[in-house]
Structures are given as C-alpha cells and as structure tokens.
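Examination of the molecular architecture
Each chain is listed here by its residues.
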Amino acid sequence: MSKQTQRKRKKDAGVKASELRKAATRITGLDEVLNGGLPEGRTTLVSGGPGSGKSVLGLEFLYRGAVDGDPGIFVTFEERAKAVRQNALTLGFDLAHLEKAGTLFLMDGHVNPELVLSGDFNLKGLFGVIEGKVKAMGARRIVFDAVDVLLRLFDDPVRERNELYALHDWLTDRQMTALITVKTSKNNNISSRYEFLDFMADCVIELDQRVLEQTTTRRIRVVKYRGSDFFRNEYPFVIAENGIKIIPLSTISLKHQALGPKLSSGHPRLDYILDGGYRRSSATLISGTSGTGKTTVACTFVQAACARGERTLYINFEESPDAMVSGMLSPGIDLRPALKAGTLRIMATMPEIVGAEEHLLQAIQAMDAFEPSHVVVDAISACKRIGTEQASFEYLMRLTNTCKERGITTIFTNQTEGFQETHEISGTGISSVIDTVIFLRYIDIGGELNRMLLVMKSRGSKHSNQYREFQITDHGIEITDVFVGKGGVLTGTARQEQEAKEKFALALEQREFELKEKEIIQKRAALQAHTANLNAEIEAAEAELAWLRLKSEIAQKDRDIRGNMRGEETDSKRLGRAATPGKHRTGGPKGGAK
Amino acid sequence: MKSHDRHLKEKPATRNATYHFRLFVAGDEPNSKLARENLLRLCEQHLHGNHRVEVVDVLENFQAALENNVLITPTLLVTSPPPPVMVVGTLSDTEKVLAALRLNGGE
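Residues numbered from 1 in each chain as written. Chains lettered and ligands numbered in written order. Predicted model: local features only at pLDDT ≥ 70, side-chain atom pairs only at ≥ 80, totals over all residues. Heavy atoms only, no water.

All names here are of chain B. Its 17 residues give helix α2 (residues 30–46) an end-to-end C-alpha distance of 24 Å, which sits within 8% of 24 Å, the value for a rise of 1.5 Å per residue. Those residues of α2 that are buried lie in contact with β1 (19–25), β2 (51–57), β3 (75–80) and α4 (94–100). Phi turns positive, to about 50 degrees, at His48, one or two residues after α2. (Helix = DSSP H or I, 4+ residues; strand = E, 2+ residues; numbered from the N terminus. Expected span 1.5 Å × (residues − 1). Contact = heavy atoms within 4.5 Å.)

As structure tokens, this is what we get:
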C-alpha cells in the first residue's frame, strides 16, 4: 500500500512537473515576480522600447544559468558578438570565460547591411545551426535578441509571422527554454506588428523606461504567464553592476532577523529611558521639527558605536560629510577619529540626483562593500525629494527591510513640520517597520523655548513614558527629568526655580531631623547620669545599713555579758538552752572561766 | 590612385579570375533546391566554367555556417574575388546576382 501511494505521489509530482516546470533566472527579484522562474521548455517574449534592458535581461538569464552549469546560446541579431561581450563586461559578466568553458555560446546573427537579397529564403539555416550547437553543448536555454531585425529581411508581415511561428514550433518541439526579445515602440506600428507574439508566447514580460518627475525609472511587468501565478504589478528595477535588480515590494518576505541585544545609545540617561539602549537590528526613528537635535542624537549613537568598533554607514541627504562633521563638533561630538579609523562612512547624496531605485541600489552596494553594523539615514523627510511620495516610501521600506534581513540596526531621522504635528512623527507611512520612535520637540514655558524628548514607542522592551528635558551642550546631549506639577511639565528656568524650592524644603526637613536626633542623644546622656546618681545613693544606703547592723551586734554582746554577771545562767539552762544557745555557749563557759 | 587600383582589380575579376562560391543550403527544402539550380545555370551562362562551387548543407555542417555567419538559407557566399559578397535567397533574380558579382552589363 505504501508503495502504491509512493508511486502515485511520484506520478503526481511528475505530472505537475511536466505541466509547469520553471527555469530559475537567478536575476535578483525576477524569480519572485515570476513565482519561480521562466516556463521551462517554453517560449518567453520580452518586449520593450530601445534601451529598456531587453538584451541585458536575456543575457543575464543565460549568464546566471551558465555560471550555475546550465549551458545556453545567445543569438544576437542587432549587436555584434564582440559588442555584446564588451557590454557584458561593464555589468561584471565575463562571457569569454564561460565561452571557453563551453557553457555559453554567442551566435553572431548580425545581419550584414550589404547583404544582397535575391529570391525567397527562410530560417531553416538558423534552425540547422542552432540544432547542431544545441546538441554539441547540451544547451537547454536560448535567447534570440532583437529577432525583429532578422525578420525585417522578409519585408512582409505575413512572412514574418509565419517564420516566427516556425521558430516557436521548432523551439517547443525541442523543449528549449527560450527567450525572444522584440523592440516595441508606442510611436509607430511596430508593436501592433508583433502583437501576435503576445498570443504565441507562454510568458510575456514588458520592460519600460520612463521619466517620472524628471527622474528616469525602469519598470518591469509580467503581462501573461500561462498556467502559472505571478505578480501582476509593475515593479521598478535598475541595471547596474551585476545586472538587473528588481525589488518587488509586495513579495517582501518577512525574513527579518530577530531583534538583538541592547546597544548603548551613547548616552547613559537615554539608555536608561530606553531600558538599555537601542536593540540590534531594530529600526529607530528620531522625529522632530527642525533644530530639535535629531542629528545630534543620531550622531551620539554613531560616535559610541564607532568607538566600540562597529562599522556605521551614514546616508546623509541633507548636508555634505564635511559640513556634518564640523557641525557635530559644536555639541562636542567628534566624528573624525571614526572616519579616520574607517569605522564610519558618510554617504552624502542629493535626493533629486537619481531615482529611488538608484538610491536604493547605491545604499545596498555600499552595504555590500562596507558591511556596516548600523545604518543611519538623515533625513527620511528629504527622501520625498527623490520623486513621488510613493517612490520615497518604497525606498525606505526596501532599505529598512534589507537592513533587517541583514541584522543591521537602522536609525532614521525625520523632520516634521509644525509644532504639534504628531501624525507626521512616524515618517512616510513606514511606521509598521519602525521599532522605536524618539520624539523631539520644543516646548514654550515661561518665555523660554526648551527641548523635550519622549520615547513614544519601543518594541520588545519597556521604556519610560515620560517627557524629559533635553539639552544640547558643548559636551554632548544632556537629559534631565522634568517636573510635573499642576501647570504641566516644567522645564528651563521654571524647572530650576522649582528645583530650588524643593531643595530648600528638603534642607529644612533635614535640619529638623538632626535636631531631634541630638535631643535623643542628650536625653540618653541625662538618663545615664541620673542612673549613676541613684546607684551612688543606693551604695551609701547599703553602707549605712551595714554600720547599723554592726552597732546592733555590739550592743547585744554587751547585754549578754551583763546578764551572766547577774546569774541568770541556771534559769536559762532550765528553760531550754535551745532558745538562746549562742548566748549560752558564748556566755556560759567563758563567763564561768572568767 | 584608388580608382586606378579598383580598375586593375575589376579587370581580372571579369575576365580571368576564378569565382569561388560557397552555397549554404538546408537539406532538400524547396528554396535550397531552387538556389542550387539557379546557381548552376548562372555559372554556365555567365562564367563559362571559370568558377568553383562548394555546397554546404547546414543541417550537416552547422560549424561552417557559424564560421561564415550564415543563419538564413539559402545563402550564397562569394569568397573570391574579394571583397566577399553575400547573396541571400533562391538567386531567382539573376540581374541582382550578376550585379553583386559585378558582372552586369560587361558581357
């Protein structure tokens, strides 16, 4: 029975596998969007305008496969093989190496412009060549780049269609995992000319390059995927060193590392408020209006972390590294040793310069190279200048997630506008990934403007819920308790006054205690003196008593002597000597002897 | 100087030079068959035996096709006299082929 079920299971798996097997592209993020990869043994169409990244996508698919031991053939109809090799090098793909190893083959299908046409022709030769090469290499993957250039030779839409169908059939018969790229353009009828391709292919991917708010962004969208689920949204992507990178937001899996141990914030009092400090791999948001000291609080941490030898990446959207370092000298934070030691790296960049994807990529590349323990972004409010609100949200969300996956502690500063704008505190909607929120604000009391600090939220640790007065001195930040009285919290001079009052009251009380203690000591001394006196009196009385006894004895003796003399001895002998034996013994014989 | 060179080259090309043809075909499919016939007829009529023809079946020898960048069949490669010329198709348009061989109008 068990064998039967086993066989059945095996059969099921086999059926499923033949229905929908996927060839992983290993292109960052693409397999997630495609839910595993391209359809294996089937044809995928990649369309897009000029410069949208079609060739790179195809090339990277083969490159990553070849590196992994899956041989592939790249047929280039537009570029020459030599140019493809050079372009690949700029992306960090060494094709020549793979060609030598026999896992990649670049077929130059570049059509000679001086070619003379005379009579009918077809793609049989192409099939023959590929057939031979596929067998020789054992290739399973093939890419036809810019197939439209070749098809243009036919100069007849019907012929083009027929030849493409023939190509598709040929590929399907041989179960090749094929990727065909075609140029499309919205300005002419090329796209409609190749529209049938969308129906023919099992999977259709559209690439697009557009300008949004003066920033160029690339987008990728899977239009169709026969027999498979896929992510239907448009996703931004970048082409950079190491190829294409897609970071689909909706597929962010919660691979975050657990919050680690506490890390000192660089200030003992703040550590106390945070119950030990920030937690490793957590995300902290320091929010507040302009000038409340967000950067100072962040740099206090940076200085301490770097001193502990923990590498910190500081992404500054607001000022240059020099301006930041010299600015921090005023509150006594010297970042120069950390920079010199290489534990601190400041990445200053203008938000407007490039798109959100590019910013994210730069940050990730810096993280790859520098391997920091902590990342600071100052300030995320400036991220809005990257482009749209959505772009900045995605940037921050992805950055935070990347950091959390790598166990990197992140600190964001966020500049809020207005004094009471609490809804802005959490930043551009990223509050769900933020673990700790420190809120800095100004408070206007008694004609003074003072800084206040509040820990609003701290996941995974208890924390003080009280406002503290927060000062920036020339030796760093200082945090003091505030007084909470009838009129609310007191800071600044008002607090100092209250402090003086309380100090006086306390001194008075202390004085009273001291007086009472002295009294007790004195009373105890008096008691002791009194006791000594009485003792002396008792002793005197006892001495007196002894003297009286002696006197009485002497008198008795005298009486006895006198009694003997009067002859009273016989009487007393008769009445019983026991009554006065002493007297008899002492008196009688002695007296008789006398 | 240059035009003189070309003049010198063209003269032997039309008169004495041997034409080297390499015809790439895909088995016995109709276009390839047609091309073979057309080429033979053209040689007989215009080159008077002053030629050498090599037929390559890409289904058997894909390596040769690869080396010559031939992906479409039939393709005629004129390797000599230089410069090399590539003619694609059944060669049914004789005028065009002769023009490519720089033979039109000469004889």
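Picking up after the structure, the text goes on.
Moving on, we come to the pattern of salt bridges. Residues and elements named next belong to chain A. Overall, the coordinates contain 24 salt bridges over all chains when judged by the stated rule. With a closest N to O distance of 2.7 Å, Glu78 and Lys183 form a salt bridge. In this pair, Glu78 is assigned in the loop between β4 (72–76) and α4 (81–90) and Lys183 in strand β8 (residues 177–183), connecting sequence segments 105 residues apart. Residue classification places Lys183 among the buried positions, given a relative accessible area of 19%. A salt bridge links Asp148 to Lys183; the shortest N-O distance between them is 3.6 Å. Placement of Asp148 in helix α7 (residues 147–151) and of Lys183 in strand β8 is noted, with a sequence separation of 35 residues between them. By relative accessible area, Asp148 is classed as buried at 2%. The network of salt bridges with common partners includes Glu78, Asp148, Arg152 and Lys183. (Salt bridge = Lys/Arg side-chain N within 4 Å of Asp/Glu carboxyl O. Buried < 20%, exposed > 50% of the residue type's maximum accessible area, 1.4 Å probe, protein only.)

So, about the sheet that holds β1 of chain B. By definition, the strands of a sheet pair up through backbone hydrogen bonds, in either a parallel or an antiparallel sense. Ordered in space as β6(A)-β4(B)-β3(B)-β1(B)-β2(B), the five strands form an open sheet in which the pairing is mixed. Both outer strands of the open sheet, β6 (116–117) of chain A together with β2 of chain B, are each paired with one neighbouring strand and no more. As paired strands, β3 of chain B and strand β4 (residues 85–88) of chain B are joined by four bridges and run antiparallel to one another. Each bridged residue has a counterpart across the sheet, and for Val78 of chain B the counterpart in β4 of chain B is Val85 of chain B. Packing of α2 of chain B onto the sheet brings it into contact with β1, β2 and β3 of chain B, and relative to β1 of chain B it is tilted by some 165 degrees. (Pairing = 2+ DSSP bridges. Axes fitted to C-alpha atoms, helices over the stretch in contact; angles between N-to-C directions.)

The next thing to look at is the packing of aromatic side chains. Residues and elements named next belong to chain A. For the structure shown, the criterion picks out eight aromatic pairs over all chains. Pairing Tyr63 with Phe93 gives two aromatic rings, centres 4.2 Å apart and planes at 25 degrees, and the pair type is stacked. Residue Tyr63 is found in helix α3 (residues 54–67), and its partner Phe93 is found in the loop between α4 and α5 (95–101); the two are separated by 30 residues along the sequence. Each member of the pair, Tyr63 together with Phe93, is buried. Ring centres of Phe317 and Tyr395 lie 6.0 Å apart, and the angle between their planes is 70 degrees; on these two criteria the pair is classed as edge-to-face. With Phe317 in the loop between β16 (312–316) and α13 (321–329) and Tyr395 in helix α16 (residues 389–405), this residue pair connects regions lying 78 residues apart in the sequence. Judged by relative accessible area, Phe317 falls into the buried class, the value being 2%. In this structure Tyr395 comes out as buried when scored by relative accessible area, which is 2%. Here the basic side chain of Arg311 rests over the ring of Phe370, its NZ or CZ set 5.6 Å away from the ring centre. (Phe/Tyr/Trp six-rings, centres within 6.5 Å; stacked < 30°, edge-to-face > 60°. Lys NZ or Arg CZ within 6 Å of the ring centre and 35° of its normal.)

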